There are 2 protein chains.
Amino acid sequence: MNNEIKIGPPDLLVTGRYLLTGSSEKTIQENSGVVIAGDKVLETGATSRLAAKYPGIARIDEPHGLIMPGLVNVHTHAAMSCFRGLADDLPLMQWLQEYIFPVESKLTSEIVYQSTLLSIMEMIRSGTTSFCDMYLFAKDVARAASEVGMRAWVGEVLYDFPSPNYGELAAGFAYVEEMFAEYRDHHLITITVDPHAVYTCSPELLVRLKETAVKHGALYVIHLSENADEVKGALERFGKTPVMHLENLGLLDDKVLADHCVVLTDEEIALLAARGVKVAHCPESNMKLASGVARVPEMLKAGITVGLGTDGSASNNDVDMFGEMSTAAKLHKVYNLDPTVMDAETTVHMATMGGAQALAAGGQIGTIESGKKADLIVLDLNKPHLTPLYHVPSHLVYAARGGDVIHSVINGQVVMKNRTMLTMDEEAVMARMRAIADKIRV
Amino acid sequence: MNNEIKIGPPDLLVTGRYLLTGSSEKTIQENSGVVIAGDKVLETGATSRLAAKYPGIARIDEPHGLIMPGLVNVHTHAAMSCFRGLADDLPLMQWLQEYIFPVESKLTSEIVYQSTLLSIMEMIRSGTTSFCDMYLFAKDVARAASEVGMRAWVGEVLYDFPSPNYGELAAGFAYVEEMFAEYRDHHLITITVDPHAVYTCSPELLVRLKETAVKHGALYVIHLSENADEVKGALERFGKTPVMHLENLGLLDDKVLADHCVVLTDEEIALLAARGVKVAHCPESNMKLASGVARVPEMLKAGITVGLGTDGSASNNDVDMFGEMSTAAKLHKVYNLDPTVMDAETTVHMATMGGAQALAAGGQIGTIESGKKADLIVLDLNKPHLTPLYHVPSHLVYAARGGDVIHSVINGQVVMKNRTMLTMDEEAVMARMRAIADKIRV
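Residues numbered from 1 in each chain as written. Chains lettered and ligands numbered in written order. Predicted model: local features only at pLDDT ≥ 70, side-chain atom pairs only at ≥ 80, totals over all residues. Heavy atoms only, no water.

### As for the domain arrangement of chain A
All names here are of chain A.
So, point 1. If you check the domain split of chain A, you get domain 1 (12-69 + 369-411) and domain 2 (71-358).
So, point 2. Each partner contributes to the interface: domain 1 provides 25 residues, whereas domain 2 provides 27 residues.
So, point 3. Of all residues in domain 1, Val397, Tyr398 and Ile410 bury the most surface against domain 2, accounting for 31% of the area lost on that side.
So, point 4. Where domain 1 packs against domain 2, one counts one salt bridge.
So, point 5. A salt bridge links Asp375 to Arg151; the nearest nitrogen and oxygen atoms lie 2.7 Å apart.
So, point 6. Put simply, domain 1 and domain 2 have four residue pairs in polar contact (both at pLDDT 80 or more) between them.
So, point 7. Across the side of domain 1 that touches domain 2, the residue classes tally to 13 nonpolar, seven polar and five charged. (Domains from an automatic or database assignment. Contact = heavy atoms within 4.5 Å. Buried area = accessible area lost by both parts, 1.4 Å probe. Salt bridge = Lys/Arg side-chain N within 4 Å of Asp/Glu carboxyl O. Polar contact = N/O pair within 3.5 Å; in protein donor to acceptor, adjacent residues only side chain to side chain. Nonpolar A, V, L, I, M, F, W, Y, C, P; charged D, E, K, R; others polar.)

### Points about the pairing of strand S1 (residues 12-20) of chain A
Residue and element names in this part refer to chain A.
So, point 1. Within S1, eight of the nine residues are buried, leaving the element largely enclosed by the surrounding structure.
So, point 2. The sheet contact formed by S1 and strand S4 (residues 58-69) spans seven bridges and is parallel. Looking across to S4, one finds that Gly16 is bridged to Glu62.
So, point 3. In the sheet, S1 pairs with strand S2 (residues 28-37) via eight bridges, with the strands oriented antiparallel. What sits directly across from Gly16, in S2, is Ser32. (Buried < 20%, exposed > 50% of the residue type's maximum accessible area, 1.4 Å probe, protein only. Helix = DSSP H or I, 4+ residues; strand = E, 2+ residues; numbered from the N terminus. Pairing = 2+ DSSP bridges.)

### Thoughts on the packing of aromatic side chains
So, point 1. Under the defined criterion, the tally for this structure stands at two aromatic pairs over all chains.
So, point 2. Centroid distance Tyr159(B) to Phe161(B): 4.3 Å. Interplanar angle 15 degrees. Geometry classified as stacked.
So, point 3. Classification of Tyr159(B) as buried rests on a relative accessible area of 10%.
So, point 4. In this structure, Arg17(B) packs its charged tip against the face of Tyr18(B), placed 4.6 Å from the ring centre.
So, point 5. When the ring centre of Tyr398(A) is taken as reference, the NZ or CZ atom of Lys288(B) above it lies at 4.7 Å. (Phe/Tyr/Trp six-rings, centres within 6.5 Å; stacked < 30°, edge-to-face > 60°. Lys NZ or Arg CZ within 6 Å of the ring centre and 35° of its normal.)

### As for the packing of helix H6 (residues 169-182) of chain B against helix H7 (residues 203-216) of chain B
All names here are of chain B.
So, point 1. In contact at an axis separation of 12 Å, H6 and H7 are set at 15 degrees when each is read in the N-to-C sense. In terms of axis orientation, H6 runs roughly parallel to H7. Relative to H7, H6 is oriented so that their crossing is right-handed. Counting all contacts with H6, which are made through Leu169, Phe173, Val176, Glu177 and Phe180, the residues of H7 involved are Leu205, Arg208, Leu209, Thr212, Lys215 and His216.
So, point 2. When grouped by side-chain class, the residues that make up the contact of H6 with H7 number six nonpolar, two polar and three charged. (Axes fitted to C-alpha atoms, helices over the stretch in contact; angles between N-to-C directions. Parallel < 35°, antiparallel > 145°, perpendicular 65-115°, else oblique. Left-handed = near helix turned anticlockwise from the far one by under 90°.)

### Quick look at the pattern of salt bridges
Any two side chains of opposite charge can pair, on the condition that their charged atoms come close.
So, point 1. Across all of its chains, the model carries 48 salt bridges over all chains by this definition.
So, point 2. Between Glu284(A) and Lys330(B) there is a salt bridge, with its nearest N and O atoms 3.2 Å apart. Of this pair, Glu284(A) sits in helix H11 (residues 283-288) while Lys330(B) sits in helix H13 (residues 321-336), which puts the two residues in different chains. No difference in accessibility class separates Glu284(A) from Lys330(B), as the two residues are buried.
So, point 3. Ionic contacts of the salt-bridge type, sharing partners, join the residues Asp39(A), Lys40(A) and Lys373(A) into one network.

### Observations concerning the relation of the copies chain B and chain A
So, point 1. Screw-axis analysis of chain B against chain A gives a translation of 0.0 Å along the axis, an RMSD of 0.0 Å, and a rotation angle of 180 degrees. Such a combination of turn and shift is consistent with a two-fold rotation axis.
So, point 2. Mapped onto chain A, 100% of the interface residues of chain B again fall at the interface, so both copies present the same surface. (Least-squares fit on C-alpha atoms with pLDDT ≥ 70 in both.)

### Considerations on the interface of chain B and chain A
So, point 1. Counting from both sides, the interface comprises 63 residues of chain B and, opposite them, 63 residues of chain A.
So, point 2. Summing the contributions of chain B and of chain A, the shared interface buries around 5,000 Å²; its carbon and sulfur component is 59%.
So, point 3. When the area that chain B buries against chain A is broken down by residue, the three leading residues are Asp89(B), Pro384(B) and Tyr390(B), summing to 15%.
So, point 4. Here chain B is connected to chain A by six salt bridges.
So, point 5. Ionic pairing is found between Arg401(A) and Asp320(B), a salt bridge with its closest N-O pair at 3.3 Å.
So, point 6. Connecting chain B to chain A are 32 residue pairs in polar contact (both at pLDDT 80 or more).
So, point 7. Elements that contribute at least two residues to the side of chain B that touches chain A include exactly helix H4 (109-125), helix H11 (283-288), H13, helix H16 (392-398) and helix H17 (426-441) of chain B.

### Observations regarding the pairing of strand S5 (residues 71-76) of chain A
Residues and elements named next belong to chain A.
So, point 1. Counting buried residues in S5 gives six out of six residues, a clear majority hidden from the surface.
So, point 2. Bridge analysis of S5 against strand S6 (residues 128-135) gives four bridges, and the strand direction is parallel. Along S6, the bridge assignment pairs Val72 with Ser130.

### Thoughts on the confidence of the model for chain A
All names here are of chain A.
So, point 1. Overall, the prediction assigns chain A a mean pLDDT of 96, with 98% of residues at 70 or greater.
So, point 2. Ignoring residues within four places in sequence, the model shows residues 1-5, a span with pLDDT below 50, making eight contacts including any to other chains.
So, point 3. Interface predicted TM-score (ipTM) for the complex: 0.96; the corresponding pTM is 0.97. (pLDDT = per-residue confidence, 0-100.)

### Quick notes on the sheet that holds strand S12 (residues 278-281) of chain B
All names here are of chain B.
So, point 1. Strand order in the open sheet made by the four strands is S10-S11-S12-S13, with parallel pairing throughout. The sheet terminates laterally at strand S10 (220-224) and strand S13 (306-308), the two strands that pair on one side only. With strand direction ignored, the average angle separating the axes of adjacent strands in the sheet is 25 degrees.
So, point 2. Note: S12 against S13, three bridges, orientation parallel. By the bridge assignment, Ala280 is partnered in S13 with Gly307.
So, point 3. Each of S10 and strand S11 (256-260) is contacted by H7, which is oriented at about 145 degrees to S10, the strand it contacts most.

### Examining the side chain of Asp375(A)
Residues and elements named next belong to chain A.
So, point 1. Inspection of the secondary structure assignment puts Asp375 in the loop between helix H15 (353-358) and strand S14 (376-380).
So, point 2. A polar contact is formed between the side chain of Asp375 and the backbone nitrogen of Asn411, at a distance of 2.7 Å.
So, point 3. Dropping the residues within four chain positions of it, Asp375 is found in contact with Pro69, Gly70, Thr129, Ser130, Arg151, Ile365, Val409, Ile410 and Asn411.

### Observations regarding the state of the cysteines
So, point 1. With the rule as written, the count across this model stands at zero disulfides over all chains.
So, point 2. Residue Cys282(A) stays outside any disulfide, its sulfur separated by 9.8 Å from that of Cys261(A), the closest cysteine. (Disulfide = S-S within 2.5 Å.)

Here it is, written out as structure tokens:
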């Protein structure tokens, strides 16, 4: 396969001490780099060879650097950054009814736009290059991402009751269609169809939205079986668990991304695997909200594609995928009382290629390979907490932090260099968020 | 109480946007600062008042800064930083027998000294100002800490078999006595007596070491009830659990610091509370080694003093107390399926004053108060992931990271300023660690 001609002339050579093209130790090359042409990876290889082959090319050289695929955050509500730390340590219903629902009713297009910018900045600064977002005012989420060069899967959340964004449901369907029209074949934004959950969407709404998703070939993203209360409620209302409710409606297939999936039976795991449903695993949110521990090792064993997500900043309270990896790897060990489960390579895979596959984008992102999109990050390994270095995947999961990421490239564009944001004004975004918080607080 | 005369003339005024003198929201003062005189806090208060009262004094002003007590890490094996990431995701016995024990047999005084320096650097850079260490070649641990101005409780680990440090046990007792002699009334170093565990120390050794501790008025630090295997082994060998074995020997009192305490019955929790035993809680190590989840909410309810610790970098793989706080708060929520347990203020207390009290040093460190030692840190709040700010303790637990700490003061000495280490050569320490790792690797 000769991608060189198709991809176009080389634009940038990024080199480091290590290049991790996938998620396992086998994919590590020492003293190597990546040649980027336009929005794609042209080729990878030894720095000495690439430097000789492409003289005069623009370069980012990081002698202590580790180059790796950008992280993929498969479940966020990015704009909830404006609620970060507003209310914590509360029972779920009190948290929702006394804090989150009242403040969400005050949301505006501008607040969502500004809050999403803040979250994207935080994501880029901690190594994420793609995110999948479900929220209100989703056009503003997409606008924020596309303006600053962030790759995103974006869906407007729909449910039976009126929305602070579009109002009555009929307007919601129109809003979703407008999003599809606006972002068709966009280089960064992919529109998804997002019913909130089985407890907030009637069977009719769930079915109609699946028809919308099928029409556009889009992902169908839904919160599913997040905790025991959700399962209990579905059993009372429909006589079926949330998973079996969707199955009964004929909605489960390989274009479904199910968020959380904390409470699953053996039979449901087998069913999700058989249907090709993808799962977004959000361990820190599940811990903080006391939802439970998803059976991820069993899901992976059953062949389910699992990606990692942070959920929103109101229930985490960050969007740092390095922290999420560390927590995921440790949580499943103690939950299963087995230190061998969720090893480092499995965890890195879940945060990169697993996430890409969960978004049906495994052919585009998730690894660093010739012909794929140039979404990559560079970590500075010259840090006390990353010294010494014996195994790269182990360090990424158990020792590295988001703050170790110094450069970020998305779709071939350098969006952060030496921890300076190149496509957004960091101080201005924070200042606007403080002003928004002053209004939310009162 | 007039501490001003006793403390001496003021040396430094540290000011910030917020001053957190304790661990609760009630202890927050806005636009305030701390006056340091010698090794102690002289007074705290509004920046405007202090600036007027002490004109011309040296200052560190951080307009976006949060000043808070330095974190207290109550359980480390600091020198294990040289094994960071050497072997992960393995069953405990395979990890110990195939990796840790063989490399520990290669340890030398110099390796322990250098590895401890690296760990101290990492601790200071992530907000810790005191640590309690149990390891081999403990004189070198104490030497490293005292040289760079770090506060430390240091004990040489003793067990029935010969040690890579002192050799036969008789020499171990002499080594401990030498440590007490060398560091009596030291301004930073406090010597402890450290039997390794009930499964590695005979009853005679446990009793003899308690006599040593009592003679010196020292803490008696021991790994206790870390996992189910330890309990099973003690039941088989002594017919008692590890806790009841120590009780039977008459060793439990308020100068005992018990590390881990993962597997405890209701009766044992009540007994530890009655005896005044302190507990070092190390959630990340317990998760990664799949040891289990300590019943910390029940311990706190019973009145047990619990401090937070990271354990060594071979089983964590860092010494970052901010990460440990975040994990602790979330782990107990999901383990108890209750989002209200281990709230942010409780968690910050455990990492500051709880730790100080666990080390029998609550009168000296753990809060910022006139007359106490000047051990404090300053965080930069002007970061995307810390914006907006509604509640300080919540941010410290759920959003802040070790890398947000920009200044650190220990015993009145500025040891880190603007993330530059003032008492150690960062690059040299890392370079020496890489050379040590090259020898360990082969």
